[in-house]
Structure formats: C-alpha cells, structure tokens
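In case you want the letters, here they are:
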Amino acid sequence: MLTKRIIPCLDIKNGRTVKGINFENLRDAGDPVELGAFYARQGADELVFLDITATNEKRKTLSELVNKIAHRINIPFTVGGGISSVADVQVLLQNGADKISVNTAAYKNPQLINDLSKEFGSQCVVLAIDTRKEEDGEWYVYLNGGRVKTNTKCLDWAKEGVERGAGEILLTSMNNDGTKQGFALDITQQLAATLPVPVIASGGGGTVQHFADVFEEGQADAALAASIFHFKEVDISQLKAFLKDKDISVRL
Amino acid sequence: MNIVIVKYNAGNIQSVLYALERIGATAVVTDNVEVIQTADKVIFPGVGEASTAMHYLKERKLDEVIKNLRQPLLGVCLGMQLMCAYSEENNTNCLGIFSEKVQRFAPATPDIKVPQIGWNNIYNLKSDLFNHLKENSYCYFVHSYFAALGNETIATADYVQPYSAALHKDNFYGVQFHPEKSAEIGEQILKNFITMQ
C-alpha cells in the first residue's frame, strides 16, 4: 500500500542551512548534506531543499550543493527557490535532483510548467503554492515568498497547474505557517479531493496529532515541516510510530 | 568487477551511479556496444517516455545488444518496462525479453492519483535479488504505467491492483521501483545484484 510521506524542508542560503538548528550529535548542522543525511536515517521519506540565496553566484553554488546531496542522500529530494527556466532545471536534474519546485516564476509564466513537464516529465515538476485565507473566506495565491497578493484563487491555480503538467502540489498555508497550531485542513482537503495528483501539505504542523489530522481529515498525500524537525520538537521516527498506531499507512 | 550503466536518452542515470558509489562500487556510463557486451554486470536505468527511448535504442542498435546479453542485467523503472513485450505508452513495441505487457493505471482521479509517487511495500519476494530483505519492505516508486502479474513476476506491489514490482527471466532482472532512491533497502538490492554470480 502506498504510504503517506513525511518531508522535512531545509532552507538554504549560500550553501548553508538557515534557521537556528540544534543537533548536538551532528558535526555540522549548518551543512545541508549532513542534516539531510541525518533526516534520511531517521526515516524521512523525501527531503525538500529550498534555496533562498539572492546573489548572482546562486546558480553555481546551488548546483554544486545539489551534486553533493545527490552523492550522499539515498532518498528522493526536491530542490526549489527561484527556479524560472528550463535551463535552470536541466542543471539541477543533471546534478542529481529528483524533482524541482516552481512557484512565482510559474505563476508569472504558466507555460513554464508545460515546458518543464514536456521536457523532463510531470513526475519531477512540483508546483509550490503559497496561499492565504482572506476575510471573504476564500484562499488566494501569494507570490514572492508571500509578499505579493494576487486575485487568483488557490484551487483555480492548482487546477490550472495540474492541467499544464505539474505532477504534485506543495501547498503552504500562510495563515498556519509558523503557528504550530496545525495544518490548514480545509484547503488541503479541497485540493486533495479535487486534484488527480498528490498534495503535500505545509505550514502549521506542531504536534504529531496535527500530522494525523492532515492525513485523515485533510486527505493530504504528504506533509512537510521545517523548524519542528530542526528543533526536535517532533522526532520523525516517533511521529511515524504514532501515525502507524493510528492506522495511517507509513514506511517504518 | 566491471559494471556498466547503459547510457541513453533517459533521466536518473547519475542517481544510479551515485547509489553504486555509496555501496562502494564503481561503474561506467556508456553506450559503447563493446564495453556493454564485455561488462560483468549491466544496469539499464531510465526515467522517461517509452517510444522516445525505444527509438533512441533502435537507432543505435542497442535494442539487439541488450536482448542478447548473457551477463546479469538489471532494468530500473522505464528500463524494466522497455524489457517487456509492449507498452501502452504511445503504443510502443519494446524489447520483448519479458512477456508481460505494460499498461497505464486507470485514468487519474482524486482517489487514484497518477503517477503513483512514493513508498510502497513489495511482497511475494522470489529471487536472490531480494536476499536479506523482509517481505513487505518499502521501496520508492514513481510511475504511471505498470507491468501486469505474470510467470516472470518475482515481487508484487499493490496500487489500484496487484502488479509486478519486479520481473526475472534467465539473466535479466527488472524492478519497477527505484533502488537508487530506496534508502537501505535499495542499497541491499543493488548489492545483491552486483554480487550475483
């Protein structure tokens, strides 16, 4: 039986992980390769590396890092952050990334999704959507790391993205992100019940119960989190044991 | 030990190479016929589309080369599908090493997402390829097409219906999942393959 996936997300700047991380048994928790390998040993099902570097050297540093990760890590990983062309993706895949995620650039140029899926296959194109629920009760798409609002509804953009060839949706609720109060179950469920591709829920996971909720009520195929894993508030192997106890299918 | 990875127009070749490195093996990536024919072990990887891949292989006469190899060969994902008789993916006649046909999963719906992406358990393990593995070990799958169950099935997985997670005939092995991305389980399978007699 296909299992629900647990995905730690590592933010990368200039080749190093950002956000304070305290792992005493890691030689260098600021090294994305070390940290990724640590999560893989703990039972993470996949990893996401999100590059937030904004310098001109970005491309070269990132492709070198991806190559190091690919040598070391024995589970699939996705790379995202500022990817805006077929050429960008070519370099990352050649260096060993399994999937890439696109966000703002795909919204501004939706044809990018068609081009990427045609060139590399839908299975490696993840459409990341940042969304916020407004006072009118609707979920809208936000761009540029949540700084720019659009008038497009989240579900509409997700559907269009899938029609254009996105193989997975990475859905981040800005209302929930950082709150540790649980995932946005309503919009996650809406997307999961509507789209023919997997939905990865992100934003708000704070306890093991939140993960059970997003898989059961939210019907998510995978759940992503960052700081709760980095700060060991939730341990991946314990999380999976908890989910298995709840009869949720996980890889142990 | 001389391991060759068949180079063709498919993705994930690097990933297979790196996975071999992690278990202490080195491999050559090549489409040179002589190098392939004289290898001890051959890996036929692949992420991509069936008809384009078959076209590429035929152009370089690699289809005949692969079919006639006598050393252990391991096809991975699309590689395994190309070793079957036929694929529904753009109605492609494949290598015909395995007699199974490759079919598409039922049209994607919110209940049946296609491609299948993620970790699934493999069972009814019937090959040395799975030495030291427990029944229901988890492997990483990414695919929209599958080979049905048949006489050559040596591992089964369930998605919509039971299907061939692995096939074996004579010196030919194929796995639908990605051992190169399947953590310790995948590494064990690769070790089993490269130490096979």
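Under the annotation held in an unreviewed UniProt entry, chain B carries the name Imidazole glycerol phosphate synthase subunit HisH and is attributed to Ilyomonas limi. Per UniProt, chain B has the following entry under Function (unreviewed entry): "IGPS catalyzes the conversion of PRFAR and glutamine to IGP, AICAR and glutamate. The HisH subunit catalyzes the hydrolysis of glutamine to glutamate and ammonia as part of the synthesis of IGP and AICAR. The resulting ammonia molecule is channeled to the active site of HisF."

Chain A carries the name Imidazole glycerol phosphate synthase subunit HisF in an unreviewed UniProt entry, which gives Ilyomonas limi as its organism. Per UniProt, chain A has the following entry under Pathway (unreviewed entry): "Amino-acid biosynthesis; L-histidine biosynthesis; L-histidine from 5-phospho-alpha-D-ribose 1-diphosphate: step 5/9." Checking UniProt for chain A, the heading Function (unreviewed entry) contains the comment "IGPS catalyzes the conversion of PRFAR and glutamine to IGP, AICAR and glutamate. The HisF subunit catalyzes the cyclization activity that produces IGP and AICAR from PRFAR using the ammonia provided by the HisH subunit."

So, about helix α10 (residues 236–245) of chain A. Residue and element names in this part refer to chain A. Turning to α10, its buried residues number three or more, namely Ile236, Leu239, Lys240 and Leu243. Here the buried residues of α10 occupy an arc of 95° about the axis, which is enough to place them on one side. Set apart from the buried face of α10 by more than 90 degrees, the exposed residues are Gln238 and Asp245. If you follow the buried residues of α10, they end up packed against β1 (5–13), α1 (32–42), α8 (208–216) and α9 (227–230). At the C-terminal side of α10, Asp247 shows a positive phi close to 65°.

We now examine the UniProt feature "active site" (unreviewed entry) in chain A. Residue and element names in this part refer to chain A. The residues that UniProt annotates with the feature "active site" (unreviewed entry) are Asp11 and Asp130. In the annotation above, Asp11 and Asp130 are the residues that line the second largest pocket. Summarising the element assignment, Asp11 is placed in strand β1. Setting aside residues up to four positions removed in sequence, Asp130 forms contacts with Asn103, Tyr140, Val141, Tyr142, Gly145, Gly146, Thr172 and Met174. For Asp130, the side chain forms a polar contact with the side chain of Asn103, separated by 3.3 Å.

Conventions we followed
- Residues numbered from 1 in each chain as written.
- Chains lettered and ligands numbered in written order.
- Predicted model: local features only at pLDDT ≥ 70, side-chain atom pairs only at ≥ 80, totals over all residues.
- Heavy atoms only, no water.
- UniProt positions renumbered as here; feature names shortened; annotations may be inferred.
- Buried < 20%, exposed > 50% of the residue type's maximum accessible area, 1.4 Å probe, protein only.
- Helix = DSSP H or I, 4+ residues; strand = E, 2+ residues; numbered from the N terminus.
- Arc of directions from axis to C-beta.
- Contact = heavy atoms within 4.5 Å.
- 1 Å grid on protein atoms, 1.4 Å probe; cavity = no way out; pocket = protein on both sides within 12 Å on 5 of 7 lines; lining within 4 Å.
- Polar contact = N/O pair within 3.5 Å; in protein donor to acceptor, adjacent residues only side chain to side chain.

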